[in-house]
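Listed here are the chains, written in short residue letters.
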Amino acid sequence: MSFDLIIQNATLPDGRSGFDIACRDGRIAALEPNITAEAARVIDAQGLLVSPPFVDAHFHLDATLSLGRPRMNASGTLLEGIALWGELKPIQSIDEIVARAMRYCDLAVSQGLLAIRTHVDVSDEDLKTVEAMLEVRENVKDYIDLQLVAFPQDGVFRAEGADKHLLRALDMGVDVVGGIPHFERTMADGARSVSWLCEVAAERGLRVDMHCDESDDPLSRHVETLAYETQRLGLQGRVTGSHLTSMHSMDNYFVSKLIALMAEADMQVIANPLINIMLQGRHDSYPKRRGQTRVRELRDAGLNVAFGADCVMDPWYSLGAADMLEVASMGLHVGQLSSREDMRWCFDAVTEHPAKILGLEGYGLAVGNKADMVLLQAYDPIEAIRLKPSRLAVVRGGKVVSETPPKIATLSLKGRPAQVDPASYCPGE
C-alpha cells in the first residue's frame, strides 16, 4: 500500500508526539506511529508541530491591500475608515479588487491560512465587490475555502436600496447573511435590521454573521436582540456575533444576563484583537479601554469563541500579514490569557473554533478528514504563538502547496553556538 504523502515524526496540537500522517486521495488515510509504507513524498517533521490549517472567520477581502488609496486614515478611527472606504468604492474596478484579493490569498497560503470568511460590501447597486469576490472564490477553490458574507457596510436600512442589494447578492451565490445594526440611524432601526436579516437567513437556510456593537457605547446592545432572534427563528449554532466590543464597556450585571442569553442561543463569537485594540477607546484619555470583547467570560460560559484578523493594509488597519498566530498573540495579550491552558486555547481560537463557525467539513487531524495541514517550526501550540514560526510546509489535499525555509541564524561569536534555531529554546532549557 502506498500513499501520496507521509509526514513522519510529527507532534500534534494535543501534545501527542512521534506520529506519522499518511495522505491518499486528498484525505488522511492513517495517523499512527511508524508507518512503513511507501509514499510519493516523505517529509520528516523531526518532532515539530503539525497543525490543521489556520482559519480566519472574519476578514474584509474586498478592501485588503488598498492602503493609501485614495488617501490614508488620518485619525485612525473606525468612522474615518468607513468614510475612506466610501471614497474608494466608486473609483476601483472589479479587476483591481480581484488582483488585490488574489495577492492576499497567495500570502494566506504561504502562512498556512486555508479557510477565510470574508465580508463583502453590498451597499451599492453595482455590486462590484460581490462580482469580484465570486470570481476570487472560484479562482482559489482548490486551495482556500472562501466563504462570503453579504455585508451592508453603510447599513441595510440606512443606505438606500441596500436591503434589495443584499438580497441580490444572496441570489448571486453569497453564502452568509451579514449586518451592522449599530451603524443604522437609530437603535430602533438597528434592532429592526437584526430581525429582518435573521428572517432572511431563516427563509433561505443560511448562516448569519453580524458586525454587532462594534462600539465603546455600553448601551449598544444589539447582541441581545441577535440572541433573541436566534432563539425565535430556530437558528441556534448558525448565528455569529462579530466584534461585540461594547461588552467591554457594559456593567457586569447586564453582562451576566446577556452572556446567559447568548449561551442559550448557541451563538458563535468572533473577536478581532488587532483591529479592535487599535480602533476602540479612541475617545478615552485615561483610564483607556482595551477594546476587545469579554473573551474569557464568553468562553467560560461555553460559547464557541474565535479570533479573526479583520483587516490587512486597508482603510482601517495599515499593518498585518495574514498571520493568524499574530492575531492569536494579540488576543492572548489583550485578554490577559496567560495560563498555559489559556494560551493553548488561543491556538484553538485560530484553528478549531473558527472552523466550527464556518462549518468546515472534514477539518482536523483525524483519519478520514481532509489532508490539509501545516508543519510549523515550533514544538507545541504555545511556542507557535510565541515565535510566529516559519510554515515549513503547507499541505492542501495531501499535496504540498507552499514551503518556507526554517529560520536559522548563523552566529560569529567566540565560544557560542554556530547557529540559533528559535524553536530549540524551550521552557526550562
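Read on for a plain summary of the structure. (Residues numbered from 1 in each chain as written. Predicted model: local features only at pLDDT ≥ 70, side-chain atom pairs only at ≥ 80, totals over all residues. Heavy atoms only, no water.)

**Some details on the packing of helix α4 (residues 162-172) against helix α5 (residues 187-204)**
Then, in step 1: Interhelical geometry of α4 versus α5 gives an angle of 25° and a closest axis separation of 12 Å. Our classification of the angle between α4 and α5 gives roughly parallel. In this structure, α4 meets α5 at a crossing whose hand is right-handed. Across from Asp163, Leu166, Leu167, Leu170 and Asp171 in α4, the residues of α5 making contact are Trp196, Leu197, Val200 and Arg204.
Then, in step 2: A class-by-class count of the residues in the contact of α4 with α5 yields six nonpolar, no polar and three charged. (Axes fitted to C-alpha atoms, helices over the stretch in contact; angles between N-to-C directions. Helix = DSSP H or I, 4+ residues; strand = E, 2+ residues; numbered from the N terminus. Parallel < 35°, antiparallel > 145°, perpendicular 65-115°, else oblique. Left-handed = near helix turned anticlockwise from the far one by under 90°. Contact = heavy atoms within 4.5 Å. Nonpolar A, V, L, I, M, F, W, Y, C, P; charged D, E, K, R; others polar.)

**Overview of the sheet that holds strand β11 (residues 239-243)**
Then, in step 1: If you walk across this open sheet you meet the eight strands as β6-β7-β8-β9-β10-β11-β12-β13, and the pairing is parallel. Each edge of the open sheet is held by one strand with a lone partner, namely β6 (54-59) and β13 (304-307). With strand direction ignored, the average angle separating the axes of adjacent strands in the sheet is 20°.
Then, in step 2: Where β6 and strand β7 (residues 113-121) come together, four bridges link them in parallel fashion. Bridge assignment links phenylalanine 59 to a residue of β7, and that residue is threonine 118.
Then, in step 3: Sitting on the sheet, helix α2 (residues 94-110) touches β6 and β7, and the angle it makes with β7 is about 150°. (Pairing = 2+ DSSP bridges.)

**Some words on unusual backbone geometry**
Then, in step 1: The linkage connecting arginine 69 with the following residue, proline 70, adopts the cis geometry, with an omega of 0°.
Then, in step 2: Residue placement: proline 70 occurs in the loop between β6 and α1 (78-88).
Then, in step 3: The linkage connecting tyrosine 286 with the following residue, proline 287, adopts the cis geometry, with an omega of -5°.
Then, in step 4: If you check the backbone angles, aspartate 310 has positive phi at about 75° while not being a glycine.
Then, in step 5: As for its placement among the helices and strands, aspartate 310 is situated in the loop between β13 and α10 (324-334).

**Here we look at the sheet that holds strand β15 (residues 391-396)**
Then, in step 1: Pairing is antiparallel in the open sheet, where four strands are placed in the order β5-β14-β15-β16. The strands lining the two open edges of the sheet, one partner per strand, are β5 (50-51) and β16 (399-403).
Then, in step 2: In terms of strand pairing, β15 meets β16 through four bridges, oriented antiparallel. Among the inter-strand pairings, valine 395 is bridged to a residue of β16, identified as valine 400.

**A look at the pairing of strand β10 (residues 207-212)**
Then, in step 1: With five of six residues buried, β10 lies mostly within the body of the structure.
Then, in step 2: Where strand β9 (residues 176-179) and β10 come together, four bridges link them in parallel fashion. By the bridge assignment for β10, valine 177 is matched with valine 208.
Then, in step 3: Viewed along the sheet, the connection from β9 through α5 into β10 turns out right-handed.
Then, in step 4: Direction of pairing for β10 relative to β11: parallel, over a ladder of five bridges. (Buried < 20%, exposed > 50% of the residue type's maximum accessible area, 1.4 Å probe, protein only. Right-handed = clockwise from strand over helix to strand, strands pointing away.)

**Regarding the nonpolar core**
Then, in step 1: In this structure, Val136, Met262 and Phe307 are the most contacted members of the largest nonpolar core, which totals 101 residues.
Then, in step 2: Looking at which element gives the most residues to this core, the answer is α2, with eight residues.
Then, in step 3: Contacts of valine 136, omitting those with residues within four sequence positions, involve Leu61, Val98, Ala101, Met102, Cys105 and Leu146.
Then, in step 4: In terms of nonpolar packing, the next biggest core, distinct from the first, is built from 20 residues, Leu12, Phe19, Leu48 and Val50 among them. (Core = buried A, V, L, I, M, F, W, Y, C linked by side-chain atoms within 4.5 Å.)

Interpretation in functional terms is not warranted from these geometric data alone.
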